[in-house]
Amino acid sequence: MASTEGARASWSGKWAFILAAAASAVGLGNMWRFPYLAAKYGGGTFLLTYLVLVFTFGVSLLLLETALGRKTGQSAIGAFSSFGKKYTFIGVLASAVPFIITPYYCIIGGWVTKYTASYVAAGADALADGGGFFTNFITSNVESYVWMLIFMVLVFVIVGLGVKGGIEKANLFMMPALIVMAIFIALYTLTMPGAVEGALYYLTPDFSKFSPELVISALGQMFYSLSLAMGIMITYGSYMRKQDSLTSSVVRIGCFDLGVSFLAGLMIVPAAFVAMGSGEAVASNAGPSLMFITLPSVFVDMQGMAAVIGFVFFLLVLFAALTSAISLTETLVSIVQDGVKCSRKKALGIVVAFVVIAGAVINAGYNVASFIEPLGAGTSLLDLADFFSNSVLMPIVALLTCIFVGWIIKPKAIIDEVRVSSKFSAAGAWTVMIKYIAPVLVIVILVAYVAAQFGFFSM
Ligand code: PFF
């Protein structure tokens, strides 16, 4: 695993890199967002579209970012500016994304922590009251802040223990535990009456559900889930050794992330189907509340097992959220450390202060400052942060990155770097992807998200 103290860090091997990248990729995006998007867009049709996108577009961009990092040996800002000062702004924009995501990610992390603890302290019935529990909690002026802080403290302690002593050990424990728990819950859920029908809804493609919105949503989800366009994979690539294959690593990261998203859907979509009775009902009710409101009311029907299943489920989501929040925080620490030229300890101090304050401000959007509805009635400051980072900034960074590599430094610079450690027979197709297809797709996402937000069409 990488160490950032002293000289430039490097991974101890290919698997250390893959585990760290997978730990960053697998997070709330997989557990919380992917299942409701799959439910909303007709299950199998969404799955198939997502699969195709991950192994064409997603893996191509992963390869681009890691190779750029390894070639320059720098994190995002340094990587771009090493080709000329005038490109520094792309790295700066990329680095801005984790600054926006981390505070609100920790708020949702706090919700998950609260739910995990509540299954132990209050039992399954307390959480299954049709939404009152959730609403009372996020609108509380004290409790919601306390749980956000508890989650943040867990993250800061692990990051504070260092890359080897904290992050590596945490990933090594939490990632396998997460997979085992996910398989257990998915199998258990499938034993519920009606769940198999739900699983079929999830797995069977219904091509009448295919639409431009589906593709755009799948693309946006893929960016977020693979932690693309935020400088993180550039930094991780910069820790890679020259002899480790980039192509096989990025394909494995894609497989891992996709596998966990698939499992998350297999846990959640059939359960939602049991609760709602039909695919149509699931599709029309699918949204962020699926995990925090619908699922607890499904778990409560498991009688004797209710609290156990609820606890294990939220613990596994907590692990996914923690490993991602750790990687986001580590990215912020390295940006501050490089930018301010200070010690790791001081950088962590600055990051802690920023994340706590920004988190508190965004959280206030659900309680003391809930009168602020930045994107229209019913929206929150968290929605604004999510919209700005995922729907505006990330597509812009991805577009600039593709133009930078495709048209300015030229694809050959990256292809040569990839070929240092492995064959790259798809180099021709990759070039077409980066120069033509990816920029067009990214512009489509950007325009569609912004247009949908401002009500030109619904998504
Ligand atoms: N990929 C994470 C998820 O799907 O939840 C989110 C994320 C984590 C983005 C870490 C960026 C990052 F650095």
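Just above sits the structure.
Treat the numbers as computed from the prediction; the structure is a model and nothing was measured.

Quick word on the packing of helix 2 (residues 28-40) against helix 5 (residues 88-121)
Where helix 2 meets helix 5, the axes come as close as 12 Å, and the angle between the chain directions of the two elements is 80 degrees. Taken as axis vectors, helix 2 and helix 5 run roughly perpendicular relative to one another. Across the interface between the two elements, Leu28, Gly29 and Trp32 from helix 2 touch Tyr105, Ile108, Gly109 and Val112 from helix 5. Of the residues assigned to the contact of helix 2 with helix 5, the class counts are five nonpolar, two polar and no charged.

Points about the packing of helix 9 (residues 163-190) against helix 16 (residues 306-340)
Direction vectors running N to C along helix 9 and helix 16 enclose 145 degrees, while the axes themselves pass 9 Å from each other. Two packed elements cross with a definite hand, and for helix 9 against helix 16 that hand is left-handed. Per-class residue counts for the contact of helix 9 with helix 16 are 22 nonpolar, two polar and one charged.

Let's talk about the site of the ligand
Lining the immediate surroundings of the ligand are 15 residues, of which Gly29, Tyr105, Tyr224, Met230 and Ile232 lie closest. Between Tyr224 and the ligand, the recorded distance is 2.9 Å, taken from a backbone N or O atom to a nitrogen atom. Ser225 places a main-chain nitrogen or oxygen 3.1 Å from a nitrogen atom of the ligand. Here the ligand loses 100% of its free accessible area of 340 Å² to cover by the protein chains. At the level of elements, helix 1 (14-25), helix 2, helix 11 (212-225) and helix 16 are the ones that each hand at least two residues to the shell around the ligand. Tallied by class, residues from the shell around the ligand come to seven nonpolar, eight polar and no charged.

Brief notes about the packing of aromatic side chains
The full count for this structure, using the stated rule, is 30 aromatic pairs. Plain terms: the ring middles of Phe34 and Tyr50 are 5.0 Å apart, the flat faces sit at 65 degrees to each other, and that makes the pair edge-to-face. Of this pair, Phe34 sits in helix 2 while Tyr50 sits in helix 3 (residues 44-72), and the two are 16 residues apart along the sequence. Just as Phe34 is buried, Tyr50 falls in that class too. Plain terms: the ring middles of Phe83 and Phe404 are 5.4 Å apart, the flat faces sit at 75 degrees to each other, and that makes the pair edge-to-face. With Phe83 in the loop between helix 4 (76-81) and helix 5 and Phe404 in helix 18 (residues 381-409), the pair connects residues that are 321 residues apart, well separated along the chain. Residue Phe83 is classed as partly exposed on the basis of its relative accessible area, which comes to 28%. A relative accessible area of 1% places Phe404 in the buried class.

Rules and cut-offs
- Residues numbered from 1 in each chain as written.
- Predicted model: local features only at pLDDT ≥ 70, side-chain atom pairs only at ≥ 80, totals over all residues.
- Heavy atoms only, no water.
- Axes fitted to C-alpha atoms, helices over the stretch in contact; angles between N-to-C directions.
- Helix = DSSP H or I, 4+ residues; strand = E, 2+ residues; numbered from the N terminus.
- Parallel < 35°, antiparallel > 145°, perpendicular 65-115°, else oblique.
- Contact = heavy atoms within 4.5 Å.
- Nonpolar A, V, L, I, M, F, W, Y, C, P; charged D, E, K, R; others polar.
- Left-handed = near helix turned anticlockwise from the far one by under 90°.
- Near = heavy atom within 4 Å.
- Polar contact = N/O pair within 3.5 Å; in protein donor to acceptor, adjacent residues only side chain to side chain.
- Areas by Shrake-Rupley, 256 points an atom, 1.4 Å probe, with all protein chains shown as cover.
- Phe/Tyr/Trp six-rings, centres within 6.5 Å; stacked < 30°, edge-to-face > 60°.
- Buried < 20%, exposed > 50% of the residue type's maximum accessible area, 1.4 Å probe, protein only.

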